[in-house]
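# Geometric and topological summary
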Amino acid sequence: QARAELVLYAVQRAGDTDISFVNKSELADRTDLSRATVHEHIDDLVAVGIYETRGGDGTFLKYRPNTSSSVVKGLSEVNEKME
């Protein structure tokens, strides 16, 4: 369920042209999840290209939905057709 919430957030932002990078705490606030939950799932979502990162050694990484991801684009199209 938590992973789905993070994916949904990315899909909902697919059409946004200017999405800022945020840390895990900010991403948790935006998705109504705990920071620990975001920490548990975010690396897997980065690995499949749903989120992208910017920053340093892992401690100070920031994240944002990867709007150029084919997965995000595809899910966004499905979401639009179902509305």
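For the structure, check the block above.
Residues numbered from 1 in each chain as written. Predicted model: local features only at pLDDT ≥ 70, side-chain atom pairs only at ≥ 80, totals over all residues. Heavy atoms only, no water.

In this section: the pairing of strand β2 (residues 62-65). Burial along β2 is one-sided: Tyr 63 and Pro 65 are buried, and none of Lys 62 and Arg 64, which face the opposite way, are. Bridge analysis of strand β1 (residues 51-54) against β2 gives four bridges, and the strand direction is antiparallel. Directly across from Arg 54, in β2, lies its bridge partner Lys 62. (Buried < 20%, exposed > 50% of the residue type's maximum accessible area, 1.4 Å probe, protein only. Helix = DSSP H or I, 4+ residues; strand = E, 2+ residues; numbered from the N terminus. Pairing = 2+ DSSP bridges.)

As a further point, take the nonpolar core. Within the largest apolar cluster, 19 residues are counted, with the highest numbers of intra-cluster contacts made by Leu 6, Leu 27, Val 38, Ile 50 and Tyr 51. It is helix α1 (residues 2-12) that contributes the most residues to this core, six residues altogether. Once residues lying within four places of it in the same chain are set aside, the contact partners of Tyr 51 are Leu 6, Tyr 9, Ala 10, Leu 27, Ile 42, Leu 45, Val 46, Tyr 63, Arg 64, Pro 65 and Asn 66. (Core = buried A, V, L, I, M, F, W, Y, C linked by side-chain atoms within 4.5 Å. Contact = heavy atoms within 4.5 Å.)

A rise of 1.5 Å per residue sets the reference length of helix α3 (residues 35-47), with its 13 residues, at 18 Å; its end C-alpha atoms lie 19 Å apart and thus fit the reference within 8%. Taking the largest bend as the criterion, α3 deviates by roughly 35 degrees, centred on His 41. Of the residues making up α3, those classed as buried are Thr 37, Val 38, His 41, Ile 42 and Leu 45. Residues of α3 that are buried make contact with α1, α2 (24-31), β1 and β2. (Expected span 1.5 Å × (residues − 1). Bend = angle between axes of the 7 residues up to and from the residue.)

For the rest of this paragraph, the subject is unusual backbone geometry. Most of the time, phi is negative for any residue but glycine, and the peptide bond is trans. In this structure, Asp 32 is a non-glycine residue whose phi angle is positive, near 60 degrees. Along the chain, Asp 32 falls in the loop between α2 and α3.

Tracing the backbone shows Tyr 63 in strand β2. Residue class for Tyr 63 comes out buried when judged on its relative accessible area of 2%. Put simply, Tyr 63 and Leu 27 are 36 residues apart on the chain and 7.8 Å apart in space, counted from C-alpha to C-alpha.

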